[in-house]
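# Observations on the three-dimensional arrangement
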Amino acid sequence: MTDLKAQLVAMAEEVGFSACRICRPSDVPEVMERLQHFLDQGYHGQMGWMAERVHWRGAPDVLWPEAKSVIMLAENYGPDFDPMEVVGQPDRGAISVYAQNKDYHDVAKKRLKRLGRWLIETAGKAGDEAQIKVFVDTAPVPEKALGMAAGLGWQGKHSNLVSRELGSWFFLGSIFTTLDLEVDAPGRDSCGSCRSCLDACPTDAFPAPYQVDARRCISYLTIEHKGPVDVELRSLLGNRIYGCDDCLAACPWNKFAQSAHEIKYHARPELVAPRLAELATLDDPAFRALFSGSPIKRIGRDRFVRNVLYAIGNSADLALKPVAQGLCDDADDTVRDAARWAVGRLS
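Analysis parameters
Residues numbered from 1 in each chain as written. Predicted model: local features only at pLDDT ≥ 70, side-chain atom pairs only at ≥ 80, totals over all residues. Heavy atoms only, no water. Axes fitted to C-alpha atoms, helices over the stretch in contact; angles between N-to-C directions. Helix = DSSP H or I, 4+ residues; strand = E, 2+ residues; numbered from the N terminus. Parallel < 35°, antiparallel > 145°, perpendicular 65-115°, else oblique. Contact = heavy atoms within 4.5 Å. Nonpolar A, V, L, I, M, F, W, Y, C, P; charged D, E, K, R; others polar. Buried < 20%, exposed > 50% of the residue type's maximum accessible area, 1.4 Å probe, protein only. Phe/Tyr/Trp six-rings, centres within 6.5 Å; stacked < 30°, edge-to-face > 60°. Salt bridge = Lys/Arg side-chain N within 4 Å of Asp/Glu carboxyl O.

### Side note on the packing of helix H14 (residues 300-314) against helix H16 (residues 333-346)
Between two packed helices, the angle of one axis relative to the other and the distance separating the axes together describe the packing. At a closest axis distance of 8 Å, the pairing of H14 and H16 adopts a crossing angle of 5°. It follows from the interaxial angle that H14 and H16 lie roughly parallel. Contact residues: Arg-301, Asp-302, Val-305, Arg-306, Leu-309, Tyr-310, Ile-312, Gly-313 and Asn-314 in H14; Thr-334, Val-335, Asp-337, Ala-338, Ala-339, Trp-341, Ala-342, Arg-345 and Leu-346 in H16. Taken together, the residues that form the contact of H14 with H16 break down as ten nonpolar, three polar and five charged.

### Here's the deal with the side chain of Thr-122
Mapped onto the fold, Thr-122 is located in helix H5 (residues 104-125). Taking relative accessible area as the criterion, Thr-122 reaches 17% and is therefore assigned buried. With residues near it in sequence (within four places) discarded, Thr-122 still touches Leu-4 and Gln-7.

### What about the packing of aromatic side chains?
Centre distance and the angle of the planes are the two values used to describe a pair of aromatic rings. Taken as a whole and assessed by the stated rule, the structure comprises 14 aromatic pairs. An angle of 90° between the planes, with centres 5.9 Å apart, marks the rings of Tyr-77 and Trp-169 as edge-to-face. Taken as a pair, Tyr-77 in the loop between strand E2 (69-76) and strand E3 (94-95) and Trp-169 in the loop between strand E6 (161-162) and strand E7 (170-177) lie far apart in primary sequence, 92 residues in all. Classification of Tyr-77 by relative accessible area gives buried; the value is 6%. Ring plane angle 90° and centroid distance 5.7 Å describe the contact between Tyr-310 and Trp-341, whose orientation is recorded as edge-to-face. With Tyr-310 in helix H14 and Trp-341 in helix H16, the pair connects residues that are 31 residues apart, well separated along the chain.

### Focus: the pattern of salt bridges
According to the stated counting rule, one finds 18 salt bridges in the structure shown. Salt-bridge contacts for Arg-92 lead to Asp-91; the nearest nitrogen and oxygen are separated by 3.8 Å. Among the salt bridges present, the one from Asp-213 reaches Arg-215, with a minimum N-O distance of 2.9 Å. The exposure class assigned to Asp-213 is buried, which follows from its relative accessible area of 9%. Here Arg-215 falls in the partly exposed class, since its relative accessible area comes to 37%. Via salt bridges that share partners, Glu-75, Arg-111 and Glu-262 belong to a single interconnected network.

Here it is, written out as structure tokens:
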């Protein structure tokens, strides 16, 4: 199916993907052991869903036994500005680059489905019946490991995929298919002795290279973690209010990164460095309106304002103290706790 693969790669580019590579579902035998270690150490924190369906998450060939090939797609979302500049503005909030516009799940899934439909139709014309399943961070699929097995890049010491062509700024999507497609050579680790990503982490969330303790990761703490964040970690969050780009931005391979072509990934100006004072006053309707269509919407107003209050507490800006004081009697317990902590820090 060499001709079909060549057509597939060309069509993936036409649809809007930055790269397309192929592997077998069984090409990641190391995943189960790594996942089990991650869970045994408790590194998953409150993400109990990671311990569920381990037999699928650790072995993609079990997820859908009929699948013979996995088509791995990369979608570039590289910023056209320095994402670390906002970290030096204490009265502003730092939002991870990927969340500064539309939810990538929605954008990427439409492209995956379009490519999948094309694959079924094209294979059918050649007399081959094809079935597919499309995934984009929505099922127990080890996408980063499959991405490396397919040759999209390699898992860096921060555990994220790194590409010679795209750097660190790209999403992953996958199409499992019953077609037996020609596979690509796997990616090779090119991190060498570099530890820029490890040294850049504000909370020291890497127990060792290639390992992440989510309980200390700012992305986990600001997005997945429910309730109050441990007091010892709050001051380390800085002004990061949704996600964290520090380890990605530190990677030297980003010198080859490109700005996103998809306009839906271009940052909305009001989300590049929003004022903490304005974000803290959001009620639920205002929060939903501001983040409509954004991945930020899923964490809800209370958790988001909690993050904003931690940033206010870290700002050393006394002008923000009244803002925090105004939330000390908020209806949400965690928001009240964060507000009182912020007031204490600014006092």
